[in-house]
Amino acid sequence: MAAFSSLPLFTDAWLADTGHLDHLDRGIYMDLLILMWRSPNCQVPDDIAWIARKLRVENDQKLNILKSLINEFCERNAGYVLQKRLQREYQYVCNKSAKNSRSAKLRWEKEKDVYERNASTQCERNAPTPTPSPTPISKGARRGRAAARGPGPVPRPRAGVP
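What counts and what doesn't
Residues numbered from 1 in each chain as written. Predicted model: local features only at pLDDT ≥ 70, side-chain atom pairs only at ≥ 80, totals over all residues. Heavy atoms only, no water. Helix = DSSP H or I, 4+ residues; strand = E, 2+ residues; numbered from the N terminus. Areas by Shrake-Rupley, 256 points an atom, 1.4 Å probe, with all protein chains shown as cover. Expected span 1.5 Å × (residues − 1). Buried < 20%, exposed > 50% of the residue type's maximum accessible area, 1.4 Å probe, protein only. Polar contact = N/O pair within 3.5 Å; in protein donor to acceptor, adjacent residues only side chain to side chain. Axes fitted to C-alpha atoms, helices over the stretch in contact; angles between N-to-C directions. Left-handed = near helix turned anticlockwise from the far one by under 90°. Contact = heavy atoms within 4.5 Å. Nonpolar A, V, L, I, M, F, W, Y, C, P; charged D, E, K, R; others polar. Disulfide = S-S within 2.5 Å. Salt bridge = Lys/Arg side-chain N within 4 Å of Asp/Glu carboxyl O. Core = buried A, V, L, I, M, F, W, Y, C linked by side-chain atoms within 4.5 Å.

J.: Summarise the overall build of the chain; cite the residues concerned and give the values.
T.: Of regular secondary structure, the chain possesses six helices and three strands. Secondary structure elements of the chain occur, N-terminal to C-terminal, as α-α-β-α-α-β-β-α-α. A total of about 13100 Å² of accessible surface is found on the chain, and carbon and sulfur atoms cover 54% of it.

As structure tokens, then:
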């Protein structure tokens, strides 16, 4: 699973860097960038067979394109393939996420203290807990309700009684 689900794409840089590529090349390169973005530390193993399998590159033409793209746009470092600009963006997003997380925690802790001191379990505005208390019903009211319901069920004849 990716640490960050969205990939920042600067269209002016993309067009400037990939303007000489055809559509197939650009598609494979974009898939490679997405694979790197979703991989730990924004890098993939320096194993062309592994990369080709992940990108579903089936034929020799696409494999040759993939190799040339890696040679043109990527760097190899300690057994991994990475893209320098993508690494910078990944680092920026990691730092921004950590900063936002710290800010949210500090804000929460600050607000939590205010509300903890202010809260009380009993407040004069709290409604009392309702307790059921039966109200006696007069005989006249019972008859009125019975009349409103209509006639009761028709009695069934008992077996053996004429």
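J.: Now, about helix 2 (residues 23-38): what can you tell me, with residues and values included?
T.: Compared with the 22 Å implied by 1.5 Å per residue over 16 residues, the 22 Å span of helix 2 between its first and last C-alpha is a close match. Along helix 2, the residues that are buried comprise Asp 25, Ile 28, Tyr 29, Met 30, Leu 32, Leu 33, Leu 35, Met 36 and Trp 37. N-capping of helix 2 is provided by Asp 22, with a side-chain oxygen placed 3.3 Å from the backbone N of Leu 24.

J.: Tell me about the packing of helix 3 (residues 48-55) against helix 4 (residues 60-73), and please be specific about residues and values.
T.: Contact geometry for helix 3 and helix 4: axes closest at 11 Å, N-to-C directions at 115°. Handedness of the crossing formed by helix 3 with helix 4: right-handed. Facing Ile 48, Ile 51, Ala 52 and Leu 55 of helix 3, the residues of helix 4 in contact are Leu 63, Leu 66, Lys 67 and Ile 70. Grouping the amino acids of the contact of helix 3 with helix 4 by side-chain chemistry returns seven nonpolar, no polar and one charged.

J.: Describe the state of the cysteines, and please don't skip the residues or the numbers.
T.: One pass over the structure, following the stated rule, counts zero disulfides. With no disulfide of its own, Cys 94 lies 8.4 Å from the sulfur of Cys 42, the closest cysteine sulfur.

J.: Explain unusual backbone geometry to me, using residue names and the numbers behind them.
T.: The phi torsion at Cys 42 lies on the positive side, around 60°, for a residue other than glycine. Residue placement: Cys 42 occurs in the loop between helix 2 and strand 1 (44-45). Despite not being glycine, Ala 78 has its phi angle at roughly 50°, a positive value. Summarising the element assignment, Ala 78 is placed in the loop between strand 2 (75-77) and strand 3 (80-82).

J.: Could you give an account of the pattern of salt bridges, naming the residues involved and the relevant values?
T.: All chains considered together, the criterion is met by three salt bridges. Residue Arg 76 is joined to Asp 46 by a salt bridge in which the shortest nitrogen-to-oxygen separation is 3.0 Å. Of the two residues, Arg 76 is situated in strand 2 and Asp 46 in the loop between strand 1 and helix 3; the sequence distance between them amounts to 30 residues. For Asp 46, a relative accessible area of 34% puts it in the partly exposed group. A salt bridge links Arg 85 to Glu 89; the shortest N-O distance between them is 3.1 Å. Residue Arg 85 and its partner Glu 89 are located together in helix 5 (residues 84-118), separated by four residues, close to a single helical turn. Assessed through its relative accessible area of 32%, Arg 85 is described here as partly exposed. Overall, the relative accessible area of 15% leaves Glu 89 in the buried class.

J.: Run through the environment of Lys 62, naming residues and quoting values.
T.: If you trace the backbone, Lys 62 turns up in helix 4. Residues Lys 62 and Leu 24, spaced 38 residues apart in sequence, show a C-alpha to C-alpha distance of 8.4 Å. Filtering out sequence-adjacent residues up to four positions away, Lys 62 remains in contact with Leu 24, Ile 28 and Val 57.

J.: Outline the nonpolar core, listing residues and values.
T.: Residues Leu 32, Ile 51 and Leu 66 are the most contacted members of the largest nonpolar core, which totals 27 residues. Contributions of two or more residues to this core are made by helix 2, helix 3, helix 4 and helix 5. Per-element tally for this core: the top contributor is helix 2, with eight residues. Not counting chain neighbours up to four residues away, the residues in contact with Leu 66 comprise Ile 28, Leu 32, Ile 48, Ile 51, Ala 52, Leu 55 and Val 57.

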